[in-house]
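One letter stands for each residue in the lines below.
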Amino acid sequence: MITMARRIAQPGTVVTWLNHWSIQHANWEALSRVDCIGVDGTLLQLLLRRAGLPVGRTSADLVLPVYFRDVLPPDSSIALIGAAPGVARTAGHRITRHRVQAWDGYEQLKALRADARELREFSPDVVVLGLGAGLQDEVAVELNRILPQAVICTAGGWIDQYSRKEQYFPLAVHRLRLGWLWRILHEPRRLVGRYTVDAVRILVRWRRVVGKLHEIGVSPSSAGLEVAHR
């Protein structure tokens, strides 16, 4: 995790994470313009290794706390963008070493995309985007043009999870790679299909997905998949 945290630390870096579900809903044009893709999920990790792309497994919920605590200089500025109204603000209260400003993922996100002056005035060192698959990558590359020196990383549902509990998954769940089971037990209606139907789909489509990754010029590194901008 510290390797990925240090990789994030380079100014102007755009980092995202993919799992077996989100890669099937990816915005490939946006992905071609990020710098590094972390692999979050054992199934996708195994399929990539089978395809000759050996990568470790990381996740935003493990890497970002390490980055904020051990790598990012104290009193840096962090923008949290995503989740329902009030949720990002609650998550921001847990980050005590830095200055945090929050925007929700609905009307406030729309306003920011239309006019980013408020975000520019805050001048964040780091922007964390907790939006849906595909959309968060699209917004990440948009904000990279507006804030070229900021670190921009996607976080999926981490903002929502962090607002409720500092460590959403017990460490043993991560160690045993049972995050999928933990999430099904806590969010069955939303996630059962993701870990059954969508898991089968990626097993059928994995060669096509790997082909897309090669098209955008990825190569494995100690942090994840590095994207060669063309």
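You'll find the structure just up there.
Residue positions are given per chain, counting from 1 as you read along its sequence in written order. Per-residue local features are limited, in this predicted model, to residues with pLDDT of at least 70; the limit for side-chain atom pairs, both in listing and counting, is 80 or more; totals at the level of whole chains, interfaces and linings are taken over all residues. Side-chain measures here rest on the full set of heavy atoms in the structure, leaving out hydrogens and waters.

(A) Local environment of the overall build of the protein. Secondary structure is summarised from DSSP: a helix means a run of H or I of at least four residues, a strand means a run of E of at least two, and numbering begins at the N terminus for each. A tally of helices and strands in the protein yields 13 helices and eight strands. If you line up the protein on its principal axes, its C-alpha atoms span 45 × 40 × 35 Å. Burial status follows relative accessibility: with a 1.4 Å probe on protein chains alone, a residue under 20% of its type maximum counts as buried, one over 50% as exposed, and anything between as partly exposed. Put simply, the protein has 230 residues, and 52% of those count as buried. Every residue pair with non-hydrogen atoms within 4.5 Å of one another is taken to be in contact. Restricting to contacts in the protein with at least 6 residues of sequence separation, those with at least 24 account for 62%. Accessible areas in this description were obtained via Shrake-Rupley with a 1.4 Å probe; residue shielding takes into account the shown protein chains only. Carbon and sulfur atoms make up 53% of the accessible area of the protein, which totals about 11100 Å². As used throughout, the charge tally considers Lys and Arg to be positive and Asp and Glu to be negative, leaving His and the chain termini uncounted. By convention, the charge on Lys lies at NZ, on Arg at CZ, on Asp at CG and on Glu at CD. On the protein, the mean spot of the 30 positive side-chain charges and the mean spot of the 21 negative ones are 8 Å from each other.

(B) Layout of the pairing of strand β2 (residues 36-39). Side chains of β2 alternate between two faces, with Cys 36 and Gly 38 and Ile 37 and Val 39 buried alike. One ladder, built from four bridges, connects strand β1 (residues 14-18) with β2; its direction is parallel. Bridge assignment links Val 15 to a residue of β2, and that residue is Cys 36. For β2 and strand β8 (residues 225-227), the ladder comprises two bridges, and the chain directions are antiparallel. Bridge assignment links Ile 37 to a residue of β8, and that residue is Leu 225. A pair of strands is considered paired only if DSSP assigns at least 2 bridges between the two.

(C) Looking closely at the packing of aromatic side chains. Note on aromatic contacts: the rings of Phe and Tyr and the six-membered ring of Trp form a pair at centre separations within 6.5 Å, being stacked when their planes are under 30 degrees apart, edge-to-face when over 60 apart, and tilted otherwise. Per the counting criterion, the structure on display carries four aromatic pairs. Pairing Trp 158 with Tyr 162 gives two aromatic rings, centres 4.7 Å apart and planes at 25 degrees, and the pair type is stacked. Within this pair, Trp 158 and its partner Tyr 162 are both found in helix α9 (residues 158-164), separated by four residues, close to a single helical turn.

(D) Region of interest: the pairing of strand β6 (residues 151-154). Along β6, one buried face is formed by Val 151 and Cys 153 and the opposite face, lined by Ile 152 and Thr 154, is buried too. Relative to β6, β1 is paired through two bridges, and the arrangement is parallel. Bridge pairing in β6 links Val 15 to Cys 153. Bridging between strand β5 (residues 126-130) and β6 involves four bridges; their strand directions are parallel. Bridge pairing in β6 places Val 126 opposite Val 151. With helix α8 (residues 135-146) bridging β5 and the parallel β6, this β-α-β connection has right-handed handedness. Here is how to tell: hold the view so the strands point away, follow the path from the first strand over the helix to the second, and if it runs clockwise the crossover is right-handed.

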